[in-house]
Every structure is written in C-alpha cells, then in structure tokens.
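Fold and contact review
Each chain, letter by letter, is given below.
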Amino acid sequence: MTRKNGLRVLVLAGLVAVVVAAFVIARTSGPDPVTTTGTHYAVTVTAERDAIDVELGRGEPDTVTVAAVMPTMGHAMPEVAARKIAPGHFVAEGDLFTMTGVWELSIRLAGPSGEETLTVNTLIGG
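Since we're looking at a predicted model, the values are computed, not measured.

Under the counting rule described, the total for this entry stands at 1 aromatic pair. Geometrically, the ring pair formed by F97 and W103 is edge-to-face, given 5.2 Å between the ring centres and 65 degrees between the ring planes. The residues F97 and W103 share a single accessibility class, namely buried.

Structure (structure tokens):
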C-alpha cells in the first residue's frame, strides 16, 4: 500500500468513526436545543424525528415555518407551518425528516417586527 492510499484509508476510517459516534450519541440522548439570534428574533430550537419545537427568546412573530435540508445527502423537506401552542412557543409536527443525521433547519419568522429566516444545524436521531 502506498503512503497516499494509507492516508486515504486512515481518513476514511476517521470519518466512519465520527458517523458511528454521532449515531450512537443520537440514539442514546435526547435532542439538544440549539439557540440562534437574528436581527428581529432569537429562537431556541429542539428537533426530533416527528416534531420541531421553536421557543422565542426575542420577538413576537405571527407565523413560524420550518424547512429542513440535509446537504450532504441532497435531501430537502417541504416547508411546514408551525402552530402556536403558547405565547412565544411554536411546534411543527409530522414526518419531518427522511433519515437520521445532521440537518440544516431554516426557521422563517414573520410578524410586526418584520420577516427573518434563521438557520441552525441539528442532529436527528432514530
């Protein structure tokens, strides 16, 4: 085996180890909340396979929608409207993700403060 091939095998083994570790962590722990701040709004997002919870830290939107993409696999899910369950608390429900792994969520908020899209990455487990 050449040195170049050995390096490729080592890098591939490292990537496999990272994917396996992420999968194990996702299956053994609950979803971790992710917080992000924009110009008009601040949100904390918790995502599970069948629900995305959006809690507002700043701003009072009238509507919240969520779209999910998995750039590494080329998956994209249609935008889903979140329903307001309490002041500053919205939930989107349904079959939101096609597989486990790292997803990029675009949270679009619109209200008196204006319209803004905030983006977060989250790990979806099984």
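Counting 24 residues, the largest nonpolar core has I52, V54, F97, L105, I107 and L109 as the members making the most contacts within it. Of all the secondary structure elements, the ones that give two or more residues to this core are β2 (42-48), β3 (51-58), β4 (63-70), β5 (75-86), β6 (89-93), β7 (101-111) and β8 (114-124). Each residue touching L105, except ones within four places of it in the same chain, is listed here: V45, A47, I52, V66, A67, A68, F97, L118, T119, V120 and T122.

Pairing geometry for strand β1 (residues 34-37) and β2, over 4 bridges, is antiparallel. When the bridges of β2 are listed, V34 appears paired with V45. Remark: 4 residues form the turn of the hairpin made by β1 and β2, two consecutive strands paired antiparallel. Looking at chain direction, β2 and β3 are connected through 7 bridges and run antiparallel.

Right, let's get into the pattern of salt bridges. What the rule picks out here adds up to 3 salt bridges. In this structure, R108 and E79 form a salt bridge, with 2.8 Å as the shortest nitrogen-oxygen distance. In this pair, R108 is assigned in strand β7 and E79 in strand β5, connecting sequence segments 29 residues apart. The shortest N-O distance in the salt bridge between R83 and E93 comes to 3.2 Å. Within this pair, whereas R83 is found in strand β5, its partner E93 is found in strand β6, the two being separated by 10 residues in sequence. A residue is classified by how much of its surface remains accessible, and R83, at 46% relative accessible area, is partly exposed. Residues participating in the shared-partner salt-bridge network are E79, R108 and E115.

The rules behind each value
Residues numbered from 1 in each chain as written. Predicted model: local features only at pLDDT ≥ 70, side-chain atom pairs only at ≥ 80, totals over all residues. Heavy atoms only, no water. Phe/Tyr/Trp six-rings, centres within 6.5 Å; stacked < 30°, edge-to-face > 60°. Buried < 20%, exposed > 50% of the residue type's maximum accessible area, 1.4 Å probe, protein only. Core = buried A, V, L, I, M, F, W, Y, C linked by side-chain atoms within 4.5 Å. Helix = DSSP H or I, 4+ residues; strand = E, 2+ residues; numbered from the N terminus. Contact = heavy atoms within 4.5 Å. Pairing = 2+ DSSP bridges. Salt bridge = Lys/Arg side-chain N within 4 Å of Asp/Glu carboxyl O.

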